[in-house]
Amino acid sequence: MRHAYGRLAADGSIVLLAGAGGYKPFAGMSVTAAADVGIGAMGRSLALEPAPVRVNVLVAGLVDTPLWDFLPEPDRAAFFATAAATTPVGRIGQPDDIAASVPHLLENAFVNGALL
């Protein structure tokens, strides 16, 4: 981000991506949780520093991406089904779900320091 500031328009915007591991903990994910919360805290703090450049953080949650390819397909499907049952929308996120939020955070000039 330090290198990006000089290349952005004065009214530019940065969107950082974080996972939900720091906000909904899972056993064995302490390092990931620390990184996710750290990205959120860093983004909210950075929102105050490069003004008028805005900084927001998109917390993706559980998304069906190749990140989960290390699990054999039956295990991944079972994990996703169990997790989906605990979400308000009843399913796992898809990359397009997350991508749809990025333009809002980039373009809405009133949103700064948000954790979405």
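This text gives an overview of the structure that appears in the document. Model, not experiment: these values are computed from the prediction. (Residues numbered from 1 in each chain as written. Predicted model: local features only at pLDDT ≥ 70, side-chain atom pairs only at ≥ 80, totals over all residues. Heavy atoms only, no water.)

Along strand β2 (residues 54-59), 5 of the 6 residues are buried, which leaves the element largely enclosed by surrounding structure. With helix α2 (residues 30-46) bridging strand β1 (residues 13-18) and its parallel neighbour β2, the resulting β-α-β unit is right-handed. (Buried < 20%, exposed > 50% of the residue type's maximum accessible area, 1.4 Å probe, protein only. Helix = DSSP H or I, 4+ residues; strand = E, 2+ residues; numbered from the N terminus. Right-handed = clockwise from strand over helix to strand, strands pointing away.)

A separate point is the pattern of salt bridges. According to the stated counting rule, one finds 3 salt bridges in the structure shown. The partner of R76 in a salt bridge is E73, with the nearest N and O atoms 2.3 Å apart. With R76 and E73 both in helix α3 (residues 73-84), this residue pair falls 3 residues apart, about one helical turn. R76 gets classed as buried once you look at its relative accessible area, which sits at 14%. Here R91 makes a salt bridge to D97, at a shortest N to O gap of 2.8 Å. (Salt bridge = Lys/Arg side-chain N within 4 Å of Asp/Glu carboxyl O.)

On to α2, then. If you check α2, its first and last C-alpha atoms are 24 Å apart, about what 17 residues at 1.5 Å a residue would give, namely 24 Å. Taken residue by residue, α2 has A33, D36, G40, G43 and L46 as its buried positions. Against the buried residues of α2 lie α1 (2-5), β1 and β2. (Expected span 1.5 Å × (residues − 1). Contact = heavy atoms within 4.5 Å.)

A separate point is the nonpolar core. Core analysis: the largest hydrophobic core is formed by 8 residues, namely I14, L16, A18, L46, A47, V53, V55 and V57. Elements with a contribution of two residues or more to this core: β1 and β2. With 3 residues, β1 is the largest single contributor of residues to this core. Contacts of V57, omitting those with residues within four sequence positions, involve L16, A18, I39, G40, G43, L105, A114, L115 and L116. (Core = buried A, V, L, I, M, F, W, Y, C linked by side-chain atoms within 4.5 Å.)

Keep in mind these values describe shape, not function.
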